[in-house]
Amino acid sequence: MTSTFLPDKRSGPRLAPQPPPATGRARARRRLLHWLTAVTFQLPALVLFGLLVLLPILFALYASFFRWGGFGMPSDYTGADNFTRLFQDPVFLGDLWRCLLLVVLSLALQLPFALAMAVLLNQRLRGRAFYRMLFFAPYVLSEVITGVLFSMIFAPDDGLADHLLGGVGLGDLGGKWFSDPSTVMATLFLVMMWKYFGFHMMLYLAGLQSIPAELTEAAIVDGAGPWQRFRSVTLPLLAPTLRISVFLSVIGSIQLFDLIWVITEGGPDHHSESMAVTMFQYGFKRYQVGYASAISVVMFGISLVFALAYQRFVLRRDLEGATTTMRGGGT
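Next up on the list: a nonpolar patch on the surface. Taken together, the side chains of Leu43, Val47, Leu48, Phe49, Leu51, Leu52, Val53, Leu54 and Leu55 present a nonpolar region at the surface, about 840 Å² in accessible area. Along the chain, Leu52 falls in helix α1 (residues 24-63). With a relative accessible area of 63%, Leu52 lands in the exposed category.

Quick look at the structure:
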């Protein structure tokens, strides 16, 4: 127990009275008060999360074991038949393949292109603010507007793309785009890349601007060239941002719906369908809600397994660093 000396003109220094130590009952009452305060503030968010997230997930899991048309309560229990049918369905198996294709293309083309543009626009260039705004603008547009716009651009024989190809003598390459199974996924990926690369570019720009300039200057003094500086200084310090970007890109490819639905509705002949589009087709077009619920459960399972594995094996060091920093700042 420590004492504090207070000055007194009449009797000199004197001890200030200290409050008595808290008893076990007082400490328990204080902990209970803190717990009730925390629950009171968190309860509205927890209720909304339960009603809008957990309850629909649990009901979709329940409905996936029934043959159900969406009216009334599910009653025709079929066990795991919907899941058995799912993995025997060539359309759904094609959805898995197309999802993997989009993930690979995003990681191999979209993200490196976004990184290259971020590195370029991080330099001292005239008008770089305008270019940043220009490249980020497509992300601000809604998926519906983007879909309608590119449906007009790639319209067979009458779209802007065909006119441009005809103007340079390559008219034979046009006329297919979204209407041909051999070109529909490549054309869709071009639209996706135009729409989303600006978002990842801005992430990378934010990460680049957080790198201390002293490190780059020290590398220059040591004689490192541009590629050596990028490989040994920029890339390692940008790694946390890159990991978050990869995570968002993969999850977005798994759950892609809007662009495909607006542009092709999954055609031609299912060659551009994603899992979300197939789920929508069965649930709201064919009224096979039990089967659509099984698709949604599989989508959720794939996303959850990937997110947990990615956090465990890839983001673990970043999360541990953030936790350590927070703990250090509070001491």
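Having seen the structure, we can now continue with the description.
With that settled, the discussion passes to unusual backbone geometry. Put simply, Gly267 and Pro268 share a cis peptide bond, and its omega is -5°. Inspection of the secondary structure assignment puts Pro268 in the loop between α10 (258-263) and α11 (275-285). Positive phi, normally seen in glycine, also occurs at His270, with a value near 70°. The residue His270 is located in the loop between α10 and α11 in this model.

Further remarks concern the nonpolar core. In this structure, Phe154, Phe178, Leu188 and Val191 are the most contacted members of the largest nonpolar core, which totals 22 residues. Looking at this core, the elements with two or more residues in it are α5 (143-153), α6 (160-167), α7 (184-209) and α10. Looking at this core, the element that brings in the most residues is α7, giving eight residues. Contacts of Val191, omitting those with residues within four sequence positions, involve Thr146, Phe150, Phe154, Phe178, Leu259 and Ile263. Core analysis: the next-biggest nonpolar cluster, separate from the first, contains 17 residues, Phe92, Ala294, Ile295 and Met299 among them.

By the element assignment, Arg243 lies in helix α9 (residues 226-254). Once residues lying within four places of it in the same chain are set aside, the contact partners of Arg243 are Tyr310, Val314, Leu315, Arg317 and Asp318.

By the definition in use, this model includes 26 aromatic pairs. On the numbers, 5.0 Å between centres and 65° between planes, the contact of Phe150 with Trp194 is edge-to-face. Here Trp194 lies in helix α7 and Phe150 lies in helix α5, a separation of 44 residues in the sequence. Members of the aromatic cluster, connected to one another through ring pairs, are Phe59, Tyr62, Phe66, Trp68 and Tyr77. Across the ring face of Tyr291, the terminal group of Arg85 is positioned such that the distance to the ring centre comes to 3.8 Å.

The end-to-end C-alpha distance of helix α3 (residues 90-121) is 44 Å, a good match for the 46 Å that 32 residues give at a rise of 1.5 Å each. The largest bend along α3 measures about 40° and falls at Ser106.

Further remarks concern the packing of α9 against helix α12 (residues 289-313). For the pair α9 and α12, the least separation of the axes is 10 Å and the interaxial angle reads 170°. Relative to α12, the element α9 lies roughly antiparallel. The segment α9 lies against α12, with Arg243, Val246, Phe247, Val250, Ile251 and Ile254 engaging Met299, Ile302, Ser303, Phe306, Ala307 and Tyr310. Across the contact of α9 with α12, the residue classes tally to ten nonpolar, one polar and one charged.

Tracing the chain through its elements places Thr264 in the loop between α10 and α11. Within the structure, Thr264 has its side chain in polar contact with the side chain of Ser272 (distance 2.7 Å). In this view, Thr264 contacts Phe178, Val184 and Ser272; residues no more than four positions away in its chain are not counted.

The next subject is the packing of helix α8 (residues 213-221) against α9. It is the contact of α8 with α9, at a shortest axis distance of 10 Å, that shows an interaxial angle of 165°. Between α8 and α9, the angle is such that the two are roughly antiparallel. Here α8 runs over α9; the crossing is right-handed. Across the interface between the two elements, Leu215, Thr216, Ala219 and Ile220 of α8 pack against Arg229, Val233 and Leu237 of α9.

What counts and what doesn't
Residues numbered from 1 in each chain as written. Predicted model: local features only at pLDDT ≥ 70, side-chain atom pairs only at ≥ 80, totals over all residues. Heavy atoms only, no water. Patch = residues over 30% accessible without salt bridge, like charges linked within 9 Å, V, L, I, M, F, W, Y side chains within 5 Å. Areas by Shrake-Rupley, 256 points an atom, 1.4 Å probe, with all protein chains shown as cover. Salt bridge = Lys/Arg side-chain N within 4 Å of Asp/Glu carboxyl O. Helix = DSSP H or I, 4+ residues; strand = E, 2+ residues; numbered from the N terminus. Buried < 20%, exposed > 50% of the residue type's maximum accessible area, 1.4 Å probe, protein only. Core = buried A, V, L, I, M, F, W, Y, C linked by side-chain atoms within 4.5 Å. Contact = heavy atoms within 4.5 Å. Phe/Tyr/Trp six-rings, centres within 6.5 Å; stacked < 30°, edge-to-face > 60°. Lys NZ or Arg CZ within 6 Å of the ring centre and 35° of its normal. Expected span 1.5 Å × (residues − 1). Bend = angle between axes of the 7 residues up to and from the residue. Axes fitted to C-alpha atoms, helices over the stretch in contact; angles between N-to-C directions. Parallel < 35°, antiparallel > 145°, perpendicular 65-115°, else oblique. Nonpolar A, V, L, I, M, F, W, Y, C, P; charged D, E, K, R; others polar. Polar contact = N/O pair within 3.5 Å; in protein donor to acceptor, adjacent residues only side chain to side chain. Left-handed = near helix turned anticlockwise from the far one by under 90°.

Purely spatial values, then, with no claim about function.
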